[in-house]
Amino acid sequence: MATAARQVCRQARQHLSSHRTQWLSLRQTATATKRCLSTSPMTRNAEDKQTESGGDGEDGNAPHFNSHFWRRLNRADRLKYQTSSPEVRKDMERVGKIMREELGPGSRTHREMDESIRNALHEIEESFPDPLEEREYRSDGFFNMGEKEDIGPDDDFKGDDISSTAHGELEQTREIREYARNAAWEMPLLAHLAKAFEKPTAATPLRFRYTTYLGEQHPAARKVVVEFDPKDLSLSGPQVDKLIKLLGPRYNPDTGIAKMSAEEFETQAQNKRYLGDTIKSLITEAKDPKETFADLPFDFRHHKPKPKLQFPDEWLLTVERKKELEDKRAARAALEAKQAETVAGLIDGIQAIEFSRNINAAKVEAPVMASVKAPLPSGKMGKKEMGQKAARR
């Protein structure tokens, strides 16, 4: 930072030194000669005094022309100086002299400006004692396109860091703790927003259901489902029957509930509005007295009732069955107690297995391997060699 600030101040000082005579000459010539003039800073020397007093070999009859002053001017000012009258030339030289005296290297203004710049640089160096090294400009090529700017070499690895897997576990722990803090400190603040459940009234017969994936984008999140009972829509008997016939497969005769859904639009609000308009048009059509559909029967072929399985009465535990099970449990417990009173106090596993399977290991016959027959050769010659006759067709 200090290096950059020092460079800026140096450029500012050079800029002021190169243009200090220009803006002062413009102010002086505006009142004296009404001509624009800009000169570059030059130091006074013996030749200046000589040229300002008399010029280069000028006499009383020759026109006034100062060659040293003319060399200090830029291209535009030189043209003006050559085309001006002797009186204007002398005014220009006088203004240039005043400017060199006021803003020259040895003038008071120049010393004050140098002192202020040095003080500013000293304050910057005290504020930023460690200057930063300026990095070279690195153009983005094809292979490093889109990458972050190089921030310098990495620090030496001293074996004090954890692995990437451990960093992932640590990040997961941070996320869990964040949710725990939200549950402990922020969720209790939502208690004053809770509302008591109110049972739906006759004025709200429609029940809408929405699907959310907790902030994630999903195609099913826009789906809206509505359920209602046609009898709760303040319709007469024939109108309810007509509405059921208009609903078709959307009506469940077992529960008496009509169910409709919509997901054609992008948002839930649009789908909900579409369902509301559809139900409104159905009610309007059901109230139309021109056609009541009284001659059409109800068609519930779309509904296939699910069988409701019931527990058989034969499998129920009766008093006799409970008594029988208790007797078996008591007999088993007495047998186990008797076996525990033996010397070993344990049950012989092999003896129990042989007793249960009723297998006599001594009488088990050894398995006999069956003889393997060699396959017959194929062809007529093979059958003749084996002494077999060819099968007649």
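Thresholds applied
- Residues numbered from 1 in each chain as written.
- Predicted model: local features only at pLDDT ≥ 70, side-chain atom pairs only at ≥ 80, totals over all residues.
- Heavy atoms only, no water.
- Helix = DSSP H or I, 4+ residues; strand = E, 2+ residues; numbered from the N terminus.
- Buried < 20%, exposed > 50% of the residue type's maximum accessible area, 1.4 Å probe, protein only.
- Pairing = 2+ DSSP bridges.
- Patch = residues over 30% accessible without salt bridge, like charges linked within 9 Å, V, L, I, M, F, W, Y side chains within 5 Å.
- Areas by Shrake-Rupley, 256 points an atom, 1.4 Å probe, with all protein chains shown as cover.
- Salt bridge = Lys/Arg side-chain N within 4 Å of Asp/Glu carboxyl O.
- Core = buried A, V, L, I, M, F, W, Y, C linked by side-chain atoms within 4.5 Å.
- Contact = heavy atoms within 4.5 Å.
- pLDDT = per-residue confidence, 0-100.
- Axes fitted to C-alpha atoms, helices over the stretch in contact; angles between N-to-C directions.
- Parallel < 35°, antiparallel > 145°, perpendicular 65-115°, else oblique.
- Left-handed = near helix turned anticlockwise from the far one by under 90°.
- Nonpolar A, V, L, I, M, F, W, Y, C, P; charged D, E, K, R; others polar.
- Phe/Tyr/Trp six-rings, centres within 6.5 Å; stacked < 30°, edge-to-face > 60°.
- Lys NZ or Arg CZ within 6 Å of the ring centre and 35° of its normal.

Participant: Help me out: how do you make sense of the overall build of the chain in this one?
Facilitator: Check the secondary structure of the chain and you find 12 helices and 4 strands. Burial analysis of the chain (393 residues in total) assigns 18% to the buried set.

Participant: How should the pairing of strand β2 (residues 224-228) be read in this particular structure?
Facilitator: Where a strand is regular, its side chains alternate between the two sheet faces. With 4 of 5 residues buried, β2 is to be regarded as a mostly interior element. In terms of strand pairing, strand β1 (residues 207-210) meets β2 through 4 bridges, oriented antiparallel. Within the sheet, the bridge partner assigned to Tyr-210 lies in β2 and is Val-224. The pairing of β2 with strand β4 (residues 257-262) spans 5 bridges and is classified as antiparallel. Residue Val-224 lies in a different strand from β4, and its bridge partner there is Ala-262.

Participant: Would you explain a nonpolar patch on the surface in this entry?
Facilitator: Together, Met-187, Leu-190 and Leu-193 make up a nonpolar patch on the protein surface, roughly 330 Å² of accessible area in all. Relative to the elements of secondary structure, Leu-190 occurs in the loop between α7 (164-186) and β1.

Participant: Looking at this structure, I do not really get the sheet that holds β1. What am I missing?
Facilitator: The strands making up a sheet associate through hydrogen bonds between their backbones, and the pairing can be parallel or antiparallel. In spatial order, the strands read β1-β2-β4-β3; together these 4 strands make up an open sheet with antiparallel pairing. Of all the strands in the sheet, just β1 and β3 (251-252) have a single pairing partner and so form its edges. Bridge count between β3 and β4: 2 bridges; the pairing is antiparallel. When the bridges of β4 are listed, Tyr-251 appears paired with Ala-258.

Participant: Explain the nonpolar core here, please?
Facilitator: The tendency in soluble globular proteins is for nonpolar side chains to be buried side by side. In terms of nonpolar packing, the biggest core is built from 18 residues, with Phe-228, Leu-243, Leu-247 and Met-260 touching the most fellow members. Among the secondary structure elements, those contributing two or more residues to this core are β2, α8 (237-247), β4 and α9 (268-286). By residue number, the principal contributor to this core is α9, which donates 5 residues. If we ignore the near neighbours within four places in the chain, the residues touching Leu-247 are Phe-228, Pro-230, Ala-258, Met-260 and Leu-282.

Participant: How should I be thinking about the confidence of the model for the chain in this particular structure?
Facilitator: Low-pLDDT portions of the prediction should not be read for the details of their coordinates. On average, residues of the chain carry a pLDDT of 77, and 66% of them reach 70 or more. No element of the chain has a lower mean pLDDT than helix α2 (residues 46-53), which averages 44, and none a higher one than β2, which averages 97. Under a pLDDT of 50 for its full length, residues 21-60 has, in the predicted model, 67 contacts with residues more than four places off or in other chains.

Participant: Any chance you could explain the packing of α8 against α9 here in plain terms?
Facilitator: For any two helices packed against each other, one specifies the inter-axial angle together with the distance between the axes. Interaxial distance between α8 and α9 falls to 9 Å at its minimum, and their mutual angle equals 130°. Taken together, the axis directions place α8 and α9 in an arrangement best described as oblique. The two elements α8 and α9 meet at a crossing, and its hand is right-handed. Residues Gln-239, Lys-242, Leu-243, Leu-246 and Leu-247 of α8 form the contact with α9, whose own contacting residues are Leu-282, Glu-285 and Ala-286. Looking at the contact of α8 with α9, its residues break down into 5 nonpolar, 1 polar and 2 charged.

Participant: Would you mind showing me how to read the packing of aromatic side chains here?
Facilitator: Pairs of aromatic rings are described using the distance from one ring centre to the other and the angle between the two planes. One pass over the structure, following the stated rule, counts 7 aromatic pairs. Seen from their ring centres, Phe-69 and Tyr-81 are 5.5 Å apart, and the 55° between their planes marks the pair as tilted. Taken as a pair, Phe-69 in helix α3 (residues 67-72) and Tyr-81 in helix α4 (residues 75-83) lie far apart in primary sequence, 12 residues in all. For the pair Phe-69 and Tyr-81, a shared accessibility class is recorded, and that class is buried. Pairwise contacts between aromatic rings join Phe-65, Phe-69, Trp-70 and Tyr-81 into one cluster. Between Arg-78 and the ring centre of Trp-70, over which it is positioned, the NZ or CZ distance is 4.6 Å. The ring of Phe-293 has Lys-242 sitting right over it, with the charged end atom 5.4 Å from the ring centre.

Participant: Just to check I follow, could you spell out unusual backbone geometry for this structure?
Facilitator: Excluding glycine, residues mostly carry a negative phi; peptide bonds, for their part, are mostly trans. Although it is not a glycine, Leu-214 sits at a positive phi angle of roughly 55°. In this structure, Leu-214 sits in the loop between β1 and β2. Residue Leu-214 is classed as exposed on the basis of its relative accessible area of 79%. For Ser-234, which is not glycine, the phi torsion reads 55° and is therefore positive. Within the secondary structure, Ser-234 sits in the loop between β2 and α8. Residue Ser-234 is classed as exposed on the basis of its relative accessible area, which comes to 69%.

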